[in-house]
Amino acid sequence: MSATTSVPAGPLRQLRLDHLGFAVGDLAAAAEPFTACYGFGVLDRFPTASGAPGDGVRTVAVGAGGIRLVLTAAQDAGHPAARYVARHGDGVRDIALGTPDAAAAFAEAVRRGAEPVAGPAERDGVVTASIAGFGDVVHTFVQRPGPAAGVPGPAATGLHGIDHLAVCLEPGRLGPTVEYYERALGFAAVFTERIVVGAQAMDSIVVQNDAGSVTLTLIEPDTGRAPGQIDRFLASHGGAGVQHVAFASDDIVRSVGLLAARGIGFLDTPGTYYDLIPGRLTLSRHSVDELRDLNVLADQDQDGQLLQIFTRSGHPRGTLFFEVIERLGARTFGSGNIKALYEAVELQENRSDATR
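Bear in mind the structure is a predicted one, so any value in this text is a computation, not a measurement. (Residues numbered from 1 in each chain as written. Predicted model: local features only at pLDDT ≥ 70, side-chain atom pairs only at ≥ 80, totals over all residues. Heavy atoms only, no water.)

> Can you help me understand the overall build of the protein chain in this one?
Along the backbone of the protein chain there are 10 helices and 16 strands. In the protein chain, which comprises 356 residues, the share counted as buried stands at 53%. Sequence-distant contacts in the protein chain: of pairs separated by 6 or more residues, those separated by 24 or more amount to 69%. A total of about 14700 Å² of accessible surface is found on the protein chain, and carbon and sulfur atoms cover 52% of it. (Helix = DSSP H or I, 4+ residues; strand = E, 2+ residues; numbered from the N terminus. Buried < 20%, exposed > 50% of the residue type's maximum accessible area, 1.4 Å probe, protein only. Contact = heavy atoms within 4.5 Å. Areas by Shrake-Rupley, 256 points an atom, 1.4 Å probe, with all protein chains shown as cover.)

Structure follows, in structure tokens:
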């Protein structure tokens, strides 16, 4: 790959996350947790060009601040949303990228080797065009006549943006997928990590667009070690996909407290984790006891600290959950916390297996 192909050309510069498109089976059931528990509002003025009344497609958009989630349910078994649900269950099918010129962005991405999915089309003033991403997930370039509408300010729970998405890939696909994003979209690899937990291991590379507004944490299992949660995701999900979405908060203690009160369940963290925090770092915000009470994790890098917590999966296949993250200068993803997450998920799954 030449150096020039990894630099985003004009149409691919300053892409932004327009919305996440979820394919769902039951629209009302899928939307209810986002509005009732996460505190997102319904976005009545958010055209998505994903369907129209009478064509068997029903869509609702929810969000707040910089979070915009578009949930789509299709009756026609041949519709992409219906096919996705049939193969994987509810999940993120589209990581939509905002751009001033969707047709030009599509043409440039295809010229650089992206796999075309749908050419430029216009509906309700919105121009879209789609390329393949990973697995059955696509990227739709979205050109709007004005700014993307949303609920002003953060959600009632304090969530205000999408920090990153974690993506599970089949063994051997990490390198080629990183290369695809570098070549086709001009993303850059900004962080690399290998996580070893007991007999299990996984490798991760984070790719990000030039504006830093779209961040994907790409993960593959090490098949030379014992199978773990990434292997189980791939088996249960039926291939590569988005494992979790990280919502940003400016006060994680407040947000997690409100989310828990609204019925969101979070993963437990061993008490010894908090006993060891003073030896690892000096918290710049919140106290160890506050974090312990809520099971919030803390870590730091050379730029600062981050606090994060992961929800329990409510997905029937256990293949989708969410994260809440507060960044206090840190730009990475919590090396120690990724390991703690892995151990916490293992503990949760082992407990579930014991009760079956």
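> Help me understand the sheet that holds strand 12 (residues 215-221), please; the structure alone is not making it clear to me.
In sheet architecture, strand pairing relies on hydrogen bonds along the backbone and comes in two forms, parallel and antiparallel. In space, the eight strands of this open sheet follow the order 10-11-12-9-13-16-15-14, with mixed pairing throughout. Edge positions in the sheet fall to strand 10 (188-197) and strand 14 (297-301), since each has one partner strand and no second. Adjacent strand axes in the sheet meet at a mean angle of 25°, parallel and antiparallel pairs treated alike. Here strand 15 (residues 304-310) runs beside strand 16 (residues 321-328); their pairing, made up of five bridges, is antiparallel. The residue bridging Gln-308 from the neighbouring strand is Ile-325, located in strand 16. (Pairing = 2+ DSSP bridges. Axes fitted to C-alpha atoms, helices over the stretch in contact; angles between N-to-C directions.)

> Looking at this structure, I do not really get the pattern of salt bridges. What am I missing?
Charged atoms that come close allow side chains of opposite charge to pair. Counted under the stated rule, the structure contains 13 salt bridges. Linking Glu-108 and Arg-112 is a salt bridge whose minimum nitrogen-to-oxygen distance equals 3.7 Å. Assigned by exposure class, Glu-108 and Arg-112 land together as buried. Close ionic contact of Arg-327 with Asp-163 constitutes a salt bridge, the shortest N to O distance being 2.7 Å. Of this pair, Arg-327 sits in strand 16 while Asp-163 sits in strand 9 (residues 159-168); the two residues are 164 residues apart in sequence, bridging distant segments of the chain. Since its relative accessible area comes to 27%, Arg-327 is described here as partly exposed. (Salt bridge = Lys/Arg side-chain N within 4 Å of Asp/Glu carboxyl O.)

> What should I look at first to understand helix 1 (residues 27-37) in this one?
An α-helix turns once per 3.6 residues; consequently, residues spaced three or four apart project the same way. Listing the buried residues of helix 1 in full gives Leu-27, Ala-30, Ala-31, Phe-34 and Cys-37. Buried-residue contacts for helix 1 involve strand 1 (16-23), strand 3 (57-64), strand 4 (67-74), helix 6 (252-261) and strand 16. Residue Asp-26 occupies the N-cap position of helix 1, its side-chain oxygen lying 3.2 Å from the main-chain nitrogen of Ala-28. Downstream of helix 1 by one or two residues, Gly-39 has phi in the positive range, about 85°. (Polar contact = N/O pair within 3.5 Å; in protein donor to acceptor, adjacent residues only side chain to side chain.)

> It is not clear to me how the pairing of strand 6 (residues 116-123) should be interpreted in this structure. Could you clarify?
Remember that side chains alternate between the two faces of the sheet whenever the strand is regular. In the sheet, strand 6 pairs with strand 7 (residues 126-134) via five bridges, with the strands oriented antiparallel. In the sheet register, Arg-123 faces strand 7, and the bridge partner there is Val-126. Counted between consecutive antiparallel strands, the loop separating strand 6 from strand 7 contains two residues, among which Asp-124 sits at a positive phi close to 55°.

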